[in-house]
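Read off the chains here:
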Amino acid sequence: MQVTMTVNGEAVTREIEGRLLLVHFLRDTLGLTGTHWGCDTSNCGTCVVLMDGEPVKSCTVLAAMAGGHEIRTVEGLAAGGELDPVQRGFMNCHGLQCGFCTPGMMMTARALLDRNPDPTEHEIREAISGQICRCTGYKNIVESIRWAATDAAGTRTTLEPVEAQSVGSAS
Amino acid sequence: MQVPAPFEYERATSVDGAIGLLERLGDTAKLVAGGHSLLPMMKLRLANFEYLIDINDLHGELGYITFTADEVRIGAMTRHREIAESAELATVFPIFADAEQVIADPVVRNRGTIGGSLCQADPAEDLSAVCTTLGASCVIRGSGGERVVPMAEFHRGPYETAVGPTEMLTEVRFPIRPHAGSAYEKVERRAGDWAVAAAGAAVWLDSEPRGSRGGTDSEYDGQDVVLADARVGLAAVGPNTVEIPSISAALRGQTPSEELYARAGELAAQSCNPVTDPRGSADYKRHLADELTRRALRRAVQRATDQVRS
Ligand SMILES: Cc1cc2nc3c(=O)[nH]c(=O)nc-3n(C[C@H](O)[C@H](O)[C@H](O)COP(=O)(O)OP(=O)(O)OC[C@H]3O[C@@H](n4cnc5c(N)ncnc54)[C@H](O)[C@@H]3O)c2cc1C
Ligand code: FES
Ligand code: FES
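Parameters at a glance
Residues numbered from 1 in each chain as written. Chains lettered and ligands numbered in written order. Predicted model: local features only at pLDDT ≥ 70, side-chain atom pairs only at ≥ 80, totals over all residues. Heavy atoms only, no water. Core = buried A, V, L, I, M, F, W, Y, C linked by side-chain atoms within 4.5 Å. Buried < 20%, exposed > 50% of the residue type's maximum accessible area, 1.4 Å probe, protein only. Domains from an automatic or database assignment. Contact = heavy atoms within 4.5 Å. Pairing = 2+ DSSP bridges. Helix = DSSP H or I, 4+ residues; strand = E, 2+ residues; numbered from the N terminus. Axes fitted to C-alpha atoms, helices over the stretch in contact; angles between N-to-C directions. Polar contact = N/O pair within 3.5 Å; in protein donor to acceptor, adjacent residues only side chain to side chain. Near = heavy atom within 4 Å. Areas by Shrake-Rupley, 256 points an atom, 1.4 Å probe, with all protein chains shown as cover. Phe/Tyr/Trp six-rings, centres within 6.5 Å; stacked < 30°, edge-to-face > 60°. Lys NZ or Arg CZ within 6 Å of the ring centre and 35° of its normal. Right-handed = clockwise from strand over helix to strand, strands pointing away. Expected span 1.5 Å × (residues − 1).

> Requested: an account of the nonpolar core, with residues and values cited.
In this structure, Phe-96, Ile-114, Leu-118, Phe-154 and Phe-174 of chain B are the most contacted members of the largest nonpolar core, which totals 37 residues. In this structure, this core is formed jointly by two domains, domain 2 (59–175) and domain 3 (180–309) of chain B, each of which donates at least three residues. Among residues more than four places away in sequence, those in contact with Ile-114 of chain B are Ile-74, Gly-75, Ala-76, Thr-78, Ile-83, Leu-127, Cys-131, Val-172 and Phe-174 of chain B. One finds Val-7, Ile-16 and Met-51 of chain A together with Val-3 of chain B within the second-largest nonpolar core, a separate group that totals 34 residues.

What follows is the structure, given as structure tokens:
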């Protein structure tokens, strides 16, 4: 069958099997490997992309179901050579270690900030509660998203040093 | 890598179109709504179909929450997220907001629908327990027209419903009665998981506080209220989510008290039928049925009295 959807602003049409999952369409058919694929059981959230602006687990959506819809992946976050505030937040606040969960975390963060530009820590933790990070303990992810919120609003441009780091650098 | 076995994908653009496709393709076809129960099962090859009929385009037709004086109607394609975010629904039936906070996670809730939840008929499905608690009825449509089936007859066993192979669920209806309160209590192993056990409670207070009937004391202090009716629904402790008529019978006409909640909890533990599985032992689940019934009733009564007082 044929499917047509918009991916990161570009219309794409491909011949696919009905059973093809959106995550494999993005990674294997379109070569957009920024979207990761982890548990395969709808639990880890590393495959999260935006469908019409809302985060969805792309391992649990058929590519055919995305036909006629707008998909945005991590490759579509940066615009005009500028990183998205969410990406800058993750960079500045060390929001990743291995980076496996990061694309999904950043897409959920983008959708959250689009709806709620100034989320509380609790709201951030709730938004990413369907996504698993095995490295960071979440603290820096939450901090990164807070940074993106405040940075985008232009209210805070420098970061408080992270405690553990200042201890380390003192020795 | 988990992928479903091959199938043909069809897309319905109207309820009649979906029913027409079901009639044409017979039981080789299955509807897919949010897909968050069906696709995982197909990926594990626990379910295989020759055709999947995508009904997401029916969200315009079947995605709604409407209110009249005596009824709430929710369209089958209404997503968890929309239910969670309806302030009006949370006012009329706070049990929905309680439950939606603990159903899966926010990303899953962007896709899953109330229709899919009820039709999946998983014994641990939280919205099924909510609908059971509230005494909902289900509107089922086929080419011959519509029929309305009460929740008590909707689930026919685990993963089985009253919806025929060429029918679909289109709407769920909830009767509104005065002086109501409701609540949902769930224990899960970790955020986003299915219930180890869960209990919903709905209560309706007598229209007049006892004191004012005597003509002396019109203060509605929560001590002398009387339960006109009460319902409890349990999830994950039997083949389907079930209501417990013996609890309703024990509570009707009584003044709420800790002793009464304890009696209801005891009845819940006696009437449920849990099995030991990786989520917990049958004994532990029975204990939860008792404790969560008490908590849900306590909170439902509190909400009903607060509402009557204000
Ligand atoms: C990681 C994860 C965690 C979850 N945790 C929970 C939880 O804690 N509690 C909980 O209650 N649920 C949980 N769920 C299930 C989730 O709520 C599902 O979205 C829901 O059960 C099914 O809704 P759906 O729209 O995705 O249904 P689908 O998967 O599309 O369909 C389910 C079944 O219903 C049928 N169907 C769907 N719509 C109709 C209709 N209108 N008429 C007739 N048949 C229909 C389909 O043919 C299929 O058989 C979880 C799911 C996941 C992936
Ligand atoms: S790969 Fe999709 S949720 Fe884990
Ligand atoms: S950074 Fe490694 S899983 Fe999150």
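> Hey, could you go over the sheet that holds strand S3 (residues 51–54) of chain B for me, with residue numbers and the actual values?
Residues and elements named next belong to chain B. The sheet built from three strands is open, its strands ordered S1-S3-S2 with parallel pairing. This sheet does not close on itself; its edge strands, each paired only once, are strand S1 (8–11) and strand S2 (29–32). The average undirected angle you get between the axes of adjacent strands in this sheet is 25°. By the bridge criterion, four bridges tie S1 to S3 in an arrangement that is parallel.

> Hey, could you go over the side chain of His-36 of chain B for me, with residue numbers and the actual values?
Summarising the element assignment, His-36 of chain B is placed in the loop between S2 and helix H2 (38–43). For His-36 of chain B, a relative accessible area of 14% puts it in the buried group. A polar atom in the side chain of His-36 of chain B sits 3.1 Å from the backbone oxygen of Gly-34 of chain B. In contact with His-36 of chain B, other than residues within four places in its own chain, are Lys-57 and Thr-60 of chain A together with Val-108 and Arg-111 of chain B.

> Give me the lowdown on the site of ligand 1, citing residues and values where you can.
Surveying the vicinity of ligand 1 reveals 33 residues, the closest of which are Leu-31, Leu-38, Thr-113, Glu-125 and Asp-126 of chain B. Taken together, the residues near ligand 1 originate from chains A and B. Protein burial of ligand 1: of its 980 Å² of free accessible surface, 96% is covered by the chains. Listed by contribution, the elements that provide at least two residues to the shell around ligand 1 are S2, helix H8 (114–120) and strand S10 (168–175) of chain B. Per-element accounting of the shell around ligand 1 gives the leading share, five residues, to H8 of chain B.

> Could you give me a rundown of the packing of aromatic side chains, with the residues and numbers involved?
All names here are of chain B. The full count for this structure, using the stated rule, is three aromatic pairs over all chains. The interplanar angle of 85° and the centroid separation of 5.3 Å between the aromatic rings of Phe-96 and Phe-174 together place this pair among those described as edge-to-face. Here Phe-96, found in helix H6 (residues 94–101), pairs with Phe-174, found in strand S10; they are 78 residues apart in sequence, far enough to count as distant. The pair formed by Phe-96 and Phe-174 is uniform in burial state, with each residue classed as buried. Ring-pair connections join several aromatic residues into one group, and the members of that group are Phe-93, Phe-96 and Phe-174. Residue placement shows Arg-177 over the ring face of Trp-204; its charged tip is 3.8 Å from the ring centre.

> Provide a residue-level description of the side chain of Arg-231 of chain B, including the pertinent values.
Residues and elements named next belong to chain B. One can find Arg-231 in strand S13 (residues 227–235). Polar side-chain contacts of Arg-231 include one of 2.9 Å to the backbone oxygen of Thr-133. Of the polar contacts made by the side chain of Arg-231, one reaches the side chain of Glu-243; its length is 3.5 Å. Discounting chain neighbours no more than four positions away, the residues touching Arg-231 are Thr-132, Thr-133, Leu-134, Gly-135, Arg-177, Gly-200, Ala-201, Ala-202, Trp-204, Glu-243 and Ser-248.

> Give a detailed account of the pairing of S10 of chain B, specifying residues and quantitative values.
Residues and elements named next belong to chain B. A large share of S10 lies buried, amounting to seven of its eight residues. When strand S5 (residues 71–75) meets S10, the two strands line up antiparallel, connected through five bridges. From the neighbouring strand, Ile-74 faces S10, where its bridge partner is Val-172.

> Residues and numbers for the sheet that holds S10 of chain B, please.
Residue and element names in this part refer to chain B. Read across the sheet, five strands follow the order S4-S5-S10-S6-S7 without closing on themselves; strand pairing throughout is antiparallel. Two strands bound the open sheet, and with one partner strand each, they are strand S4 (65–67) and strand S7 (145–150). Across the sheet, the mean angle separating the axes of adjacent strands is 20° when strand polarity is ignored. Here S4 pairs with S5 via three bridges, running antiparallel. Bridged to Thr-66 within S5 is Arg-73.

> Explain the pairing of S3 of chain B residue by residue, including any values.
Residue and element names in this part refer to chain B. Relative to S3, S2 runs parallel, the two sharing four bridges. In the strand pairing of S3, Lys-30 is matched with Leu-52. Crossover connection from S2 via H2 to parallel S3: handedness right-handed.

> Help me get a handle on helix H13 (residues 258–271) of chain B, residues and values and all.
Residues and elements named next belong to chain B. Taking 1.5 Å per residue, 14 residues should reach 20 Å; H13 reaches 20 Å between its end C-alpha atoms and fits that length. Listed in full, the buried residues belonging to H13 are Leu-260, Tyr-261, Ala-264, Gly-265, Leu-267, Ala-268 and Ala-269. Taken together, the buried residues of H13 touch S13, helix H12 (245–251) and helix H14 (282–309).

> I'd like a description of the environment of Asn-273 of chain B, backed by residues and values.
Residue and element names in this part refer to chain B. Relative to the helices and strands, Asn-273 is located in the loop between H13 and H14. Asn-273 sits in the exposed class, given a relative accessible area of 51%. As a C-alpha pair, Asn-273 and Leu-22 span 251 residues in sequence and 35 Å in three-dimensional space. Those residues in contact with Asn-273, other than ones at most four positions away along the chain, are Val-237 and Gly-238.

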